[in-house]
Amino acid sequence: METGGSVETRAEPRRDVEARGARGRLAGVAMMLGSAASNQTGAAVGALAFPVIGPAGVVAVRQWVAAAVLLAVGRPRLRSFTAAQWRPVLALAAVFATMNLSLYTAVGRVGLGLAVTLEFLGPLSVALASSRRRADLACAAAVAAAVVVLTRPRATSDYLGIGLGLLAACCWAGYILLNRSIGRTLPGAEGPAAAAALSGLAFVPIGAFVLVRHPPTAGALACAGAAGVLSSAVPFLADLLALRRVPARFFGVFMSLNPVLAAVAGLVVLGQALHWTQWLAILVIVTANSASMLTARAP
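Just so we're clear, the structure is a prediction, and the values are computed from it rather than from any experiment.

## Some points on the overall build of the protein
Okay, step 1: Each helix and strand in the protein was counted, giving 11 helices and 0 strands.
Okay, step 2: When the helices and strands of the protein are placed in sequence order, the string is α-α-α-α-α-α-α-α-α-α-α.
Okay, step 3: In the protein, which comprises 299 residues, the share counted as buried stands at 45%.
Okay, step 4: Across the protein, every contact between residues at least 6 apart in sequence was considered, and the portion connecting residues at least 24 apart equals 89%.
Okay, step 5: Split by element, the accessible area of the protein, about 14,900 Å² in all, is 68% carbon and sulfur.

## Describing the packing of helix H4 (residues 112-129) against helix H6 (residues 159-183)
Okay, step 1: At a minimum axis distance of 6 Å, the contact between H4 and H6 shows a crossing angle of 35°. The hand of the H4/H6 crossing is right-handed. From H4, Leu118, Glu119, Phe120, Leu121, Gly122, Pro123 and Val126 reach across to H6, where they touch Ile162, Gly165, Leu166, Ala168, Ala169, Trp172, Ala173, Ile176, Leu177 and Arg180.
Okay, step 2: Its residues assigned to classes, the contact of H4 with H6 comprises 13 nonpolar, 2 polar and 2 charged.

## Quick look at the pattern of salt bridges
Opposite charge on two side chains makes pairing possible when the charged atoms of those side chains draw close.
Okay, step 1: Under the defined criterion, the tally for this structure stands at 2 salt bridges.
Okay, step 2: Residue Glu190 pairs with Arg77 through a salt bridge whose shortest N-O separation is 2.9 Å. With Glu190 in helix H7 (residues 190-213) and Arg77 in the loop between helix H2 (50-74) and helix H3 (83-110), the pair connects residues that are 113 residues apart, well separated along the chain.
Okay, step 3: In this structure, Arg109 engages Asp158 in a salt bridge whose closest nitrogen and oxygen atoms are separated by 3.1 Å. Taken as a pair, Arg109 in helix H3 and Asp158 in the loop between helix H5 (134-151) and H6 lie far apart in primary sequence, 49 residues in all.
Okay, step 4: A residue is classified by how much of its surface remains accessible, and Asp158, at 23% relative accessible area, is partly exposed.

## Some words on the nonpolar core
Taken as a class, soluble globular proteins show a tendency for nonpolar side chains to be buried jointly.
Okay, step 1: Counting residues in each nonpolar core, the largest one holds 67 residues, and the members touching the most others are Tyr104, Leu112, Leu121 and Ile285.
Okay, step 2: Broken down by element, the residue count for this core peaks at 12 residues, all from H3.
Okay, step 3: For Tyr104, the contacting residues outside a window of four places in its chain are Gly42, Ala43, Phe50, Pro55, Val58, Val59, Arg62, Ala227 and Ser231.

## Looking at H2
Okay, step 1: Compared with the 36 Å implied by 1.5 Å per residue over 25 residues, the 31 Å span of H2 between its first and last C-alpha is markedly short.
Okay, step 2: If you look at H2, its biggest bend is around 65°, right at Ala56.
Okay, step 3: Positive backbone phi, at 45°, marks Arg75, one or two positions downstream of H2.

## Examining the UniProt feature "transmembrane region" (unreviewed entry) in the protein
Okay, step 1: Listed under "transmembrane region" (unreviewed entry) in the UniProt record, and renumbered for this structure, are residues 48-74, 86-104, 159-178, 190-212, 218-238, 250-270 and 276-296.
Okay, step 2: Secondary structure content for residues 48-74 is 93% helix and 0% strand, while the C-alpha to C-alpha distance between its ends is 30 Å.
Okay, step 3: For residues 86-104, the end-to-end C-alpha separation is 27 Å, with 100% helix and 0% strand making up the annotated structure.

## What about a nonpolar patch on the surface?
Okay, step 1: A grouping of Leu48, Val264, Leu267, Val268 and Val269 is seen on the molecular surface, where their side chains present a nonpolar patch of about 410 Å² in accessible area.
Okay, step 2: Secondary-structure assignment places Leu267 in helix H10 (residues 257-270).

## Structural notes on the packing of H3 against H6
Okay, step 1: The geometry of H3 relative to H6 is characterised by a closest axis approach of 8 Å and an angle of 155° between their N-to-C directions. Here H3 is positioned roughly antiparallel relative to H6, judged by the angle of their axes. Taken as a pair, H3 and H6 cross one another with a handedness that is left-handed.
Okay, step 2: Tallied by class, the residues present in the contact of H3 with H6 amount to 20 nonpolar, 8 polar and 1 charged.

## Some remarks on H4
Every α-helix carries 3.6 residues per turn, so stepping three or four residues along brings you back to the same face.
Okay, step 1: With 18 residues, H4 ought to run about 26 Å at 1.5 Å a step, and its terminal C-alpha atoms sit 26 Å apart, in line with that.
Okay, step 2: The element H4 is extensively covered by neighbouring structure, given that 15 of its 18 residues are classed as buried.

## Structural notes on the side chain of Ser199
Okay, step 1: Looking at the secondary structure, you find Ser199 in helix H7.
Okay, step 2: The exposure class of Ser199 is buried, given its relative accessible area of 1%.
Okay, step 3: A distance of 2.4 Å separates polar atoms of two side chains, one belonging to Ser199 and the other to Gln63.
Okay, step 4: In this structure, Ser199 is in contact with Gln63, Ala93, Phe96 and Ala97, ignoring residues within four places of it in sequence.

## Thoughts on the confidence of the model for the protein
Okay, step 1: Looking at the protein as a whole, its pLDDT mean stands at 83, while 85% of the residues score no less than 70.
Okay, step 2: Looking across the protein, the model is least confident in helix H9 (residues 248-255), with a mean pLDDT of 70, and most confident in H3, with 92.

## Description of the side chain of Thr277
Okay, step 1: Assignment of secondary structure puts Thr277 in helix H11 (residues 276-295).
Okay, step 2: Residue Thr277 is classed as buried on the basis of its relative accessible area of 16%.
Okay, step 3: Within the local environment of Thr277, its side chain forms a polar contact with the side chain of His275, the two groups lying 2.7 Å apart.
Okay, step 4: Non-local contacts of Thr277, meaning those with residues more than four positions away in its chain, are made with Val149 and Arg152.

Each value, and the rule that gives it
- Residues numbered from 1 in each chain as written.
- Predicted model: local features only at pLDDT ≥ 70, side-chain atom pairs only at ≥ 80, totals over all residues.
- Heavy atoms only, no water.
- Helix = DSSP H or I, 4+ residues; strand = E, 2+ residues; numbered from the N terminus.
- Buried < 20%, exposed > 50% of the residue type's maximum accessible area, 1.4 Å probe, protein only.
- Contact = heavy atoms within 4.5 Å.
- Areas by Shrake-Rupley, 256 points an atom, 1.4 Å probe, with all protein chains shown as cover.
- Axes fitted to C-alpha atoms, helices over the stretch in contact; angles between N-to-C directions.
- Left-handed = near helix turned anticlockwise from the far one by under 90°.
- Nonpolar A, V, L, I, M, F, W, Y, C, P; charged D, E, K, R; others polar.
- Salt bridge = Lys/Arg side-chain N within 4 Å of Asp/Glu carboxyl O.
- Core = buried A, V, L, I, M, F, W, Y, C linked by side-chain atoms within 4.5 Å.
- Expected span 1.5 Å × (residues − 1).
- Bend = angle between axes of the 7 residues up to and from the residue.
- UniProt positions renumbered as here; feature names shortened; annotations may be inferred.
- Patch = residues over 30% accessible without salt bridge, like charges linked within 9 Å, V, L, I, M, F, W, Y side chains within 5 Å.
- Parallel < 35°, antiparallel > 145°, perpendicular 65-115°, else oblique.
- Polar contact = N/O pair within 3.5 Å; in protein donor to acceptor, adjacent residues only side chain to side chain.
- pLDDT = per-residue confidence, 0-100.

Pasting the structure below:
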């Protein structure tokens, strides 16, 4: 009896720990879903302001909001940065600004679903580029075919919009690689916060010119500000908390939901319908990313 009681006493805390772990994982999944939904809803809401202040005006406001949030969270000690630390931070600021401007301009030309799916090719390429596994090569081939179907090249295609979406993809890939580099030399979120601040400063003259030339309405400013909060502040904080609860691999898998959620947000908020072949191409890209992440060997 004594032994049985002892085993039960030891088993109870183990069950409690497992239950807490399961609750933590569920909370992490909820945060990742909320982050992705918030990000794409914010982009769709920001697009509502395009007729008044254009993509550049929306991006300027978004960059200012992102800078304010990241400075408050990261609290970078700028005076202590060395020249070697400043170089990748400056590069990240340029990439951050170019990525958002090219993406939002692409959204205005080819729609939210297509633009975000093209942008998503950036992190997917980073994940596949260093692999020589046959499974990943098959995923890359499937993605290439899906991109051709998704863009449906023809005489009336908006090649500038497609090109801007691909530029955003290149910037997102650079964003990932630069963040890795900065993470090795600067603690916490100091590097991204400094880069966001510099990017926000770069958009001051651009934003001022656009807002003076195209006086914003209260509604347009509200939409642009909402884009900054929903697409910058909420995802940053939600992802930060989610990564404490779920493995990085599953975080990467959940990132692949962004093209699907972008297509849904574009349909619901902006009325941008996609052809069934484009939906199929998006699902192929999402599936390829998920398969690559789930079959990758743990480091």
